[in-house]
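Below, each chain spelled out in residue letters.
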Amino acid sequence: MKTMLFSPGPVMVEEPVRQSLLHYDICHRSAEFEELFVDIQAKVLRLFNADDSYYSVIVSGSGTSANETCLSSVFAEGDEALLINNGVFGDRLLEILTKYNVPTHNYQPGWANDPDLAEVEEILKNNPKITFVCMVFHETSTSMINPVNAIGKLAKKYGKYYFVDCVSAAGGQHIDVVENGIDLCTSVGGKCLGCYPGSAYICGKEELMAKTAPAQGKNVYLNLGKHYQIAKSSHQTPNTPNVNLFWPLQAALDWALEKETLAGRVDRYKECAKILRDGMREMGLKFLLPDEKMSNTVTSVFLPEGCKMKVDEFVTALEKAGYTVYPGKGKYLEMNMFQVANMGAIYPEDCKKFLAVMKEIIFG
Ligand SMILES: Cc1ncc(COP(=O)(O)O)c(C=O)c1O
């Protein structure tokens, strides 16, 4: 059934992005592909406000594939990680670090809680083997924006690299890798950029990528050193990429950077989120977080007390009415929390229509 996706990925795409899927077939070892690849690389850097000390690579896979490419590649024997973990996607980073046997200081301030900067500093001070501080920019499971700049400053103070999972942030939040001291970050087309799932990308300091030897990487396909070397030497990918998704990725980047502008997109997302939140507040619904801590693109909200429906029934009813939202995760599901996203081609009018349908379902 066709529904309007108010989910945090996959998202609604703009028509030119969809149309670009119909491009004629090309080979990934052709000059035409190389040109496309280089153009996308440059645009990915702009998405993160990177300067020319940064480099980008494209990975065919979901957001996890980009995270796994980084975290399976950058640690040498004996290196340790500090993970700031306050939600489901922090846990996912822990799962990757654990799978690749990276000794990890898993700092958990609690879901939806800010890290205590003094505690983070204490860990950095006492553990010289830590080489990377890792964190999620927008912890999608709670809608929370983490204190990226403050943690970046601490990482730099102690001479650590800084990895940030920007999977649900790129194109939705203002990100400035230079200002935030980010050395390596990831995202994927099928979220705030408004493209299809399966087009992941990595932006990082070129100095770091260049010294990440392919042999140090513990994964064959998701190998940052290999991706860097082949991108640098031949503007290609190590293996056969999802060639046909490179056109929509380029079209989505063009739409965001040129047609709408990054600032314009962030403003639209803020406007949509405000309409949704004001409307839900008027209905008496409560949020997990205060507005100033929530991202521009995901609202974590509870069904009203006394509501006869459980969240699963509500999500199904909305689906039948033509809208997809997410049930909350973990303990928040028990608390009847759900998540409404405004990522991709969603506009203020869509949000108003959504609110009317939602009101009808909850209050009849
Ligand atoms: C912050 C964050 N990191 C990682 C992921 C995993 O991305 P994927 O499902 O595309 O692998 C998600 C997915 O929603 C996410 O929101």
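Parameters at a glance
Residues numbered from 1 in each chain as written. Predicted model: local features only at pLDDT ≥ 70, side-chain atom pairs only at ≥ 80, totals over all residues. Near = placed C-beta within 6 Å. Helix = DSSP H or I, 4+ residues; strand = E, 2+ residues; numbered from the N terminus. Nonpolar A, V, L, I, M, F, W, Y, C, P; charged D, E, K, R; others polar. Domains from an automatic or database assignment. Contact = placed C-beta atoms within 7 Å. Buried ≥ 20, exposed ≤ 12 C-beta atoms within 10 Å, placed from the backbone. Pairing = 2+ DSSP bridges. Axes fitted to C-alpha atoms, helices over the stretch in contact; angles between N-to-C directions. Parallel < 35°, antiparallel > 145°, perpendicular 65-115°, else oblique. Left-handed = near helix turned anticlockwise from the far one by under 90°.

Caption draft 1: Local environment of the site of the ligand. By nearness alone, 13 residues border the ligand, and Ser62, Gly63, Thr64, Thr140 and Val167 come closest of all. Every element with two or more residues in the shell around the ligand is listed here: α3 (63-71) and α4 (88-99). Partitioned by chemical class, the residues of the shell around the ligand number 5 nonpolar, 6 polar and 2 charged.

Caption draft 2: A look at the domain arrangement of the protein chain. Looking at the protein chain, the domain boundaries give domain 1 (4-9 + 262-363) and domain 2 (16-259). Distance from the C-alpha centre of domain 1 to the C-alpha centre of domain 2: 27 Å. Domain 1 puts 21 residues into the contact, and the matching count from domain 2 is 21 residues. When residues of the side of domain 1 that touches domain 2 are traced back to their parent elements, those giving at least two are α10 (262-282) and β11 (298-302). At 4 residues, α10 tops the list of elements feeding residues into the side of domain 1 that touches domain 2. Among the residues making up the side of domain 1 that touches domain 2, the classes are represented as 10 nonpolar, 8 polar and 3 charged.

Caption draft 3: Up close: the pairing of strand β8 (residues 161-165). For β8, the buried fraction is high: 5 of the 5 residues fall into the buried class. Here β8 shows a buried face lined by Tyr161, Phe163 and Asp165 and a second buried face lined by Tyr162 and Val164. One ladder, built from 5 bridges, connects strand β5 (residues 130-136) with β8; its direction is parallel. Each residue of the ladder has a partner; that of Val133, found in β8, is Tyr162.

Caption draft 4: Layout of the sheet that holds strand β13 (residues 326-327). The strand order across the open sheet built from 3 strands is β11-β14-β13, with neighbouring strands paired in antiparallel fashion. Edge positions in the open sheet fall to β11 and β13, since each of these has one partner strand only. Pairing geometry for β11 and strand β14 (residues 337-341), over 5 bridges, is antiparallel. Residue Val301 lies in a different strand from β14, and its bridge partner there is Phe338. Along the sheet face, helix α11 (residues 311-320) touches β13 and β14 and points at about 30° away from the line of β14.

Caption draft 5: Main features of the packing of helix α2 (residues 31-47) against helix α9 (residues 243-259). Two elements in contact, α2 and α9, have axes separated by 10 Å at closest approach and are oriented at 40°. In terms of orientation, α2 and α9 fall into the oblique class. The handedness of the crossing between α2 and α9 is left-handed. Contacts from Phe33, Leu36, Asp39, Ile40, Lys43, Arg46 and Leu47 of α2 reach α9 at Val243, Phe246, Leu249, Gln250, Leu253 and Leu257. Its residues placed into classes, the contact of α2 with α9 shows 9 nonpolar, 1 polar and 3 charged.

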